[in-house]
Structure formats: C-alpha cells, structure tokens
Amino acid sequence: MATGQSLVLCDLRQEAPLALSVFIGQCAERLHAGERLLALFGRSEEGGGIRATAVFHSPEIPARLTVLRGQAKAGEHYPSLTVEHPAAQSLEREFWEQTGLHPDGHPWLKPIRFEGARQQQMGEYPFFRVRGQEVHEVGVGPIHASVIEPGHFRFMCLGEKVHHLEIQLGYQHRGVEALLLGRSPWSLTPLVESICGDSSIAYAWGHCAAIEALADMPGGLETDLLRGVALEMERIAIHIATLNGLATDIAFLQGGGTYGRLRTAIINATQRLCGNRFGRGWLRPGRSRGLAAAQREELLKTLRDFAQDFAGINELMLASHSVRARFQGTGTVSETAAREIGLVGLVARASGIAIDARSQLPGRLYDRHPLPMLTESGGDCWARMSLRMREVEASLNWLCALLGDATLDLSTRHAQHAQPSTTPPALRPHSLCVSLVEGTRGPVIQALETSAEGQLLHYKVQDPSMPNWFGLALAVRENEISDFPICNKSFDLSYCGNDL
Amino acid sequence: MRLSLSLLHWLLVLGMPILLVGTINRTKSWWVGRRGPGLLQSAWDLWRLLGKQPVVSTTASPLFRAGAYVVLVGSLLAMSMIPLLGRFAPFQFAYDFVVVAYTLGLARILLMLSAMDVGSSFEGMGAAREAAFSTYAEPALFLLLGTASAATGLSSFADVIGALHGTVHFSLIVVPLVAALLILLQTDAARVPVDDPLTHLELTMIHEVMVLDHSGPELAAMQYAAALKMTLYAGLIAALVNPFDPLVSPLAAVLVSFGVMLTVAVVVGCIESLTARLPMRRVPAYVLLASAAALLSMAIVGFGVGAR
C-alpha cells in the first residue's frame, strides 16, 4: 500500500477481501476508534458477487487514507452501521442503492438518486409525513424559478415555521460512473471535469493524480504547485459566486453588484491562463501547463487589485445590521449535530469541526506551502458566510505569496513529465487508487480500480455534497420557511455532484 | 379650474406609476454603478404583457381572471379620492377616506382570493402573509387620518391632508406622518425592506408570489395596480408637504407635488440600495412603526403640543 497522504494506491493481489460480516465489523471498529468513513462502495463481479470497498481517514499522526476490502454475495444483509454512527447514513444508502446489499436496521433507507431500474420510480419517493391539523406541506421543485439545478424540497410546516424538510435528489443522474468506464483512461479528463461543473479543477486534479499514480509517472512538485494555483483560483471564484448569491437573496444590492463584478475578474483571469473561465482543459494527466513570467505577473496584479475591492465589500457586508439580522442565528447546525451526521468540508468547518484535507493530508505541496485551517464556531448562515470570506482571503494570501516568490519556477521547464508521449503508458493491473482533493465544498474523492489487464474496472466518484445535503435539511428545522433560500445558498451544495 | 385640475390629477395617476418605478430602478442602478433601464421601461414591459395570450391554470375558476381587473379598478377608484396635488381630489365628500380604505381592502381581498384560487401552496402562503401584514398596516392609515382630521377639523381625505400644512401642529407632526406614509408605501407596494420585488425565491415573496400564476394582461393589471399603490402613498406625502393650494396657484402645486413624488421614489430607491430585506418575523414590528408614528402625531395633536 503506497501512500501520498491525500492519495492511496493499493495492490489488490496482496490482501484477500474480507467476508461481508467481517468487513462491516472492522468498519464499525474503526468508526469506534474515531476514524472517519469517507466512502463506502461496491461493484458487481462476474460470478454475481459484490466486491466492497471502504475508505477511511485515520487521524493518527501522520494522518492517512486507508482502505478496507470486502466480498459479499448478491442481496446479502448486514447490520447497519448507521444505527450507531449516523454519519454513515448517506454512504450506506448509496451502497444499498448501487449494490443491493441490505443494511438491516437503517432508519432512513431511501434512494439517494434513483439509479438504474429505480429511475422510473422517482414519483414514489417515500416522504416522511408529519400528521396534524395545523401541518401544511409545501413542495418546491424539481423545476425552480431562476436557472438552477433541479431538486425537490418538501417542507412540513407549522404556519411559517419549518418542522421538517425532506430533499429528494436524483434529477441530474447521468450515469457518470458507468460513462467513465467507456473510454481510454487517458482521455477521461473532459468528462471528469463536467461531473460537477463548478468544481472542475478539484475533480480534474484528483483524477490526474490517480491516473498518474496508476501509470507510475508521478509529477514533480512543480506540477503540484501549478495545480494548487488552479484549485485556489477555483475556490475563490466559487466562494465569491456564493457570496454574491447570499447578498442577492437578502436584497443587499451593493453586495450583489460588487461580488458579481469581482467574480468576473477571477474567472476571466482563469480564462486567460487556460482558455476556459471554469478551468476546463487546465489540468491533464501526465502534463502540466506552466505559467510564463508575463502571465504570472498579470495574475499577481489581478489578485492584488481584487484583494483590495474584496476587503472593502466584505467590510460593508459584515458591518451592515440588516445583513446581520438575516444571517445570525439562521440555519444553525451545532457542532455535535455536524459531527454526528458527518458533515464535511466548509459546512463542517463553519460548525467548528477542524477538517480540511489541505491541512490534515497535506502531501508534498501543502507541507511546504501550508494553508491555515480556518473554522467558525457559530454553525449558522453568518458563520458559513464569514468563513467563505476568510477562505478566499487565505487563498489570496497563499496565491500571492506563491506567485510573488521569485525562487519558485512555475514555467515547467523542469517538470519531469512535460513532454507528451505518443503512446499513453498502461495502468498497473489489479490496483485500487483513491485520491482526495479538498475542493471548494469539501473533499472530492475518486477511486479507480483496474483489472488484471490494467483496464479500468470501477470508477467511484464521491462529491462532498452527498453527506452535506442532510445537514441542510437539519439546518432549516424550526426556522422560518422564508429563510430556506438563504440557508440553501449558505450551504451551496451541488445537485449534479450528488446525482452523478 | 376643477376640470383642468382633475385632468392633471388623472395624468399623474396614470403616468406616475411608470415614472416612480423607473426612478427607483435608476436610483438603485446608480448606487451599484450601472446605468440602469430607461425611466419608461416598466411601460414597455406592461405593453409587452398586454400583447400576450394569458395562460390560465386548469384549476382556476373565473374569479382568478376577474380578480386582476377588480384589483386594478379598485385601485383606480381609490385614486380618484386621493389628494396628490394638495387640497384637491376629483371626488371629494365627507368621510371619503373610509371609502378609500375599503375600496383598497376590496382590491386586497380579490388579490388574495385570486391567489388562493389556483390552489398553489406558495400563493396560499403569500396570501396569508399579505393578510397578516396588511392587518398591521391598517391602523396606521386610520390613526394618520384621525390625526389630520383632528388637527384640521375637516372631514374629506383631500381636505384633511391638503389643509394640514396650515395648522399649528404641522411642523411637529409632519416628520412622523411622512415616516408612517413611507412605511405604508413599502408595505403596500411590496418594496424592500418588507418585500423584494426582484427576487425569484417563491418562499420569501409576499406580493410577487400572489401573482405567480397570472400572465399576460392580467399580470399587467396586477403590476400596474401595485405601482398605483406606490403612487397613492407617494402622492399622499406630496399632498401633505405641498405648501401651495392647487385651486389658488395650480402650476406651483403641480410642480411641487411632482417633485416630491419623484423625491419619494429616490428615497425609496436609496433605502433599497443600502439595506437588506428584513427577516419575515421582524416585518410586523417594522410595519407597526408606522402606527406608532401616527399615534405619536395623534398624541401631539390631542394634547395640543405646539398650539398656543
């Protein structure tokens, strides 16, 4: 098992898979010991069995990713992990939906996205019903006003107060995981970039790192630096888009106008660097696109100008009483609740949980160029808003320090794998590679398994939105229904990342 | 004289809704550094809607389509008794303000009924909010009229508002009364911080959500009626502070009223640019501020403060 902290490469021939009951037992032990379950998935084998994989984040120093493998017969039952560890609930639901293995005692066994044969039954979603004379239901979506993704929200309300919200997703299901097995692993990046269009860089980086690890051609530190620059540019752009949405949703005109303008500066800079405003085509496996001195200078200038205006509008937003009145105390997720239901990424950090792969699984890049671990304690919309502002500031400082450091060569003259080869190298056979990249929303996990011939056998994608949607449902409880849009925007989760 | 004033009054009633919306939008654009739409943009929008074939929900009854026109006609009828130019309105009789209040009330009921008629959960929610918030707004209007009536000793809408500037209390009560009218404007015409006319978020809307299912000419009627309400309150502020008697110096009175109404639109635009919308639970308190302001001026008049 080779480990690059945020990436793990296993030779599957070395360890025999565990029987399902043992597999689940070991998962439960690890959860008891304080490890975090990051992914739980399986694939059907030729003989009708199921090969299961669990990925854990082990907190011991140095922290690392670890993998457990199990084997089961089709339709087998096992005692649900969710009963004792609610954080596993969405992972177990997905596991059940994709493999048919049944978690006995799961309290909320409903499809995550209506995959495969279930897709025609989306109208039969088993909504939780709140009964009573005073209760009224409000259904919103799947088609919404404005240009946003489809998803259905069912509110059970007492007057203006939301008692329970249930979120039904799956309308964006495109069968991504199956599509990714359909072509050469070296030409998958455009597809990977469009799994969740506003996290193209995070997805592409994780994908490139995994392919390069499987092909035994790891890039140099310089490649990581350039990818790190791309990732922080994406983080800034998406956080600003969310801040813009938050300002617009509470009719705070100046915030809306200014954030919109600032975001354009960032995404246009991205376009000048790679030809696409959302960073598509920037990253490719086995290659890195360098920054010429002039480009670097221009980017640095753009970021410095941006930082000044950004600080100004943040100050205005944070000082406004009417903004504070809307966000403070709205949509609160306590630290205990966030930990229990296993929130990840920015949303978890806003509830006071210090999890950030860039600090905890730093790898080569963030070891040398660390980013601070930022958290907020409030867990409300205000905390999520201010954390976004602070994360953008941290990314800006990081980028400016990096780009301004004359000792760092980013032109890829010394990159080890800069020359494109004509025949792409074969992937290691019988291997599993799991990569994790801390994207804007949280950890983007991709797991690639190869066959005996070095073909891709399974491609599992895990977006941070999947566990976090449940957090949104929890956050709006006992809040006013009119505050739902700002709660939703402060989480800013991805529909297509969840639906795959 | 009365006839030409009436013509001018109706010209303002019909034209100001367009101009006020245009002015507010231009003010907001100015604050964020944009050029903004033309002043007459809302007229073009209404014209476009008039040319459209309405789409009516299959669950809607005839009341749904009729409702929009009752709202429009009710608002226009109320406008005939509202002073815009000072101490003048085309229809004027003793205690006509009761008729005005309940004509507007009738329009509001029809607005809510036609919203609920399609059976959408959003529109029911909007109607409930409208009913609640207008309940908080109603005392303010009557307290305000009571104050003006007590101060002037007169009984018709145009007289009590238009003659107020001649009373001894005027300098003390003008500020609270204008504040009350401004809050009523924001409440009834669905402006920030009470409502947000630009939002697309159904769950947060009050007025907009009630017209979600309207389209074509009916939507135009609803939108024009909402702008008329804004004209109504802006006009009341204009009549209140207008020092000229339109029957004596008509030109000055018309110009001052016109200017004051545009100023009100600029003020509304500035408020919308500088503050965020209130949380829904704080809206009643904000609307009750109007009643408090009116009550304060009533106390001033009642206890004879400022009178010798």
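Parameters at a glance
- Residues numbered from 1 in each chain as written.
- Chains lettered and ligands numbered in written order.
- Predicted model: local features only at pLDDT ≥ 70, side-chain atom pairs only at ≥ 80, totals over all residues.
- Helix = DSSP H or I, 4+ residues; strand = E, 2+ residues; numbered from the N terminus.
- Buried ≥ 20, exposed ≤ 12 C-beta atoms within 10 Å, placed from the backbone.
- Contact = placed C-beta atoms within 7 Å.
- Pairing = 2+ DSSP bridges.
- Axes fitted to C-alpha atoms, helices over the stretch in contact; angles between N-to-C directions.
- pLDDT = per-residue confidence, 0-100.
- Expected span 1.5 Å × (residues − 1).
- Nonpolar A, V, L, I, M, F, W, Y, C, P; charged D, E, K, R; others polar.

Visitor: Just to check I follow, could you spell out the overall build of chain B for this structure?
Guide: Within chain B, the regular secondary structure consists of 11 helices and zero strands. When the helices and strands of chain B are listed from N to C terminus, the series reads α-α-α-α-α-α-α-α-α-α-α. Its C-alpha atoms give chain B principal-axis dimensions of about 65 × 45 × 40 Å. Burial analysis of chain B (308 residues in total) assigns 55% to the buried set. For chain B, restricting intrachain contacts to residue pairs at least 6 apart in sequence, the fraction spanning at least 24 positions comes to 76%.

Visitor: What's the story with the sheet that holds strand E3 (residues 18-19) of chain A in this structure? I'm lost.
Guide: Sheets are built from strands that pair by backbone hydrogen bonding, the pairs being arranged parallel or antiparallel. All names here are of chain A. Read across the open sheet, the four strands follow the order E3-E6-E5-E4; overall the sheet is mixed. Of all the strands in the sheet, just E3 and strand E4 (36-44) have a single pairing partner and so form its edges. Where strand E5 (residues 49-58) lies against strand E6 (residues 64-73), 10 bridges are found, and the strand directions are antiparallel. Bridged to Ile 50 within E6 is Ala 72. Against the sheet, helix H2 (residues 89-99) makes contact with E4 and E5, and its axis sits at roughly 5° relative to E4, the strand it touches most.

Visitor: Is there a simple way to explain the confidence of the model for chain A in this structure?
Guide: The predicted structure's coordinates, where accompanied by low pLDDT, should not be read in detail. Across chain A, pLDDT averages 89, with 97% of residues at or above 70. Looking across chain A, the model is least confident in strand E1 (residues 2-3) of chain A, with a mean pLDDT of 46, and most confident in helix H11 (residues 345-350) of chain A, with 94.

Visitor: Got a minute to help me understand helix H10 (residues 250-274) of chain B in this structure?
Guide: Note: α-helices contain 3.6 residues per turn, so residues at a spacing of three or four share the same orientation. End to end, H10(B) covers 36 Å across 25 residues, agreeing with the expected 36 Å (1.5 Å per residue, within 8%). Considered for burial, the residues of H10(B) that qualify are Ala253(B), Val254(B), Val256(B), Ser257(B), Val260(B), Met261(B), Val264(B), Ala265(B), Val268(B), Gly269(B), Glu272(B) and Ser273(B). On its buried side, H10(B) packs onto helix H7 (253-274) of chain A together with helix H1 (2-31), helix H7 (170-188) and helix H9 (216-241) of chain B.

Visitor: Can you walk me through the sheet that holds strand E11 (residues 161-168) of chain A in this structure?
Guide: Residue and element names in this part refer to chain A. Here we have three strands laid out as an open sheet, ordered E9-E10-E11, and antiparallel in their pairing. Each having just a single partner strand, strand E9 (135-140) and E11 make up the two edges of the open sheet. With direction set aside, neighbouring strand axes in the sheet form an average angle of 20°. Inspection of the sheet shows strand E10 (residues 152-158) paired to E11 by seven bridges, in the antiparallel sense. Each residue of the ladder has a partner; that of His 152, found in E11, is Gln 168.

Visitor: How do you make sense of the interface of chain A and chain B when you look at a structure like this?
Guide: Interfaces are often sized by the amount of accessible area the parts lose when they come together. Taken together, the contact between chain A and chain B spans 26 residues of the former and 25 residues of the latter. Contributions of two or more residues to the side of chain A that touches chain B are made by E9, H7, helix H9 (321-327) and helix H16 (484-491) of chain A. Considered class by class, the residues forming the side of chain A that touches chain B number 12 nonpolar, eight polar and six charged.

Visitor: Explain the pairing of E6(A) here, please?
Guide: Successive residues of a regular strand alternate their side chains across the two faces of the sheet. Residues and elements named next belong to chain A. Bridging between E3 and E6 involves two bridges; their strand directions are parallel. Pairing of Leu 18 across the sheet is with Gly 70, part of E6. Taking the residues between adjacent antiparallel strands as the criterion, E5 and E6 are bridged by five residues.

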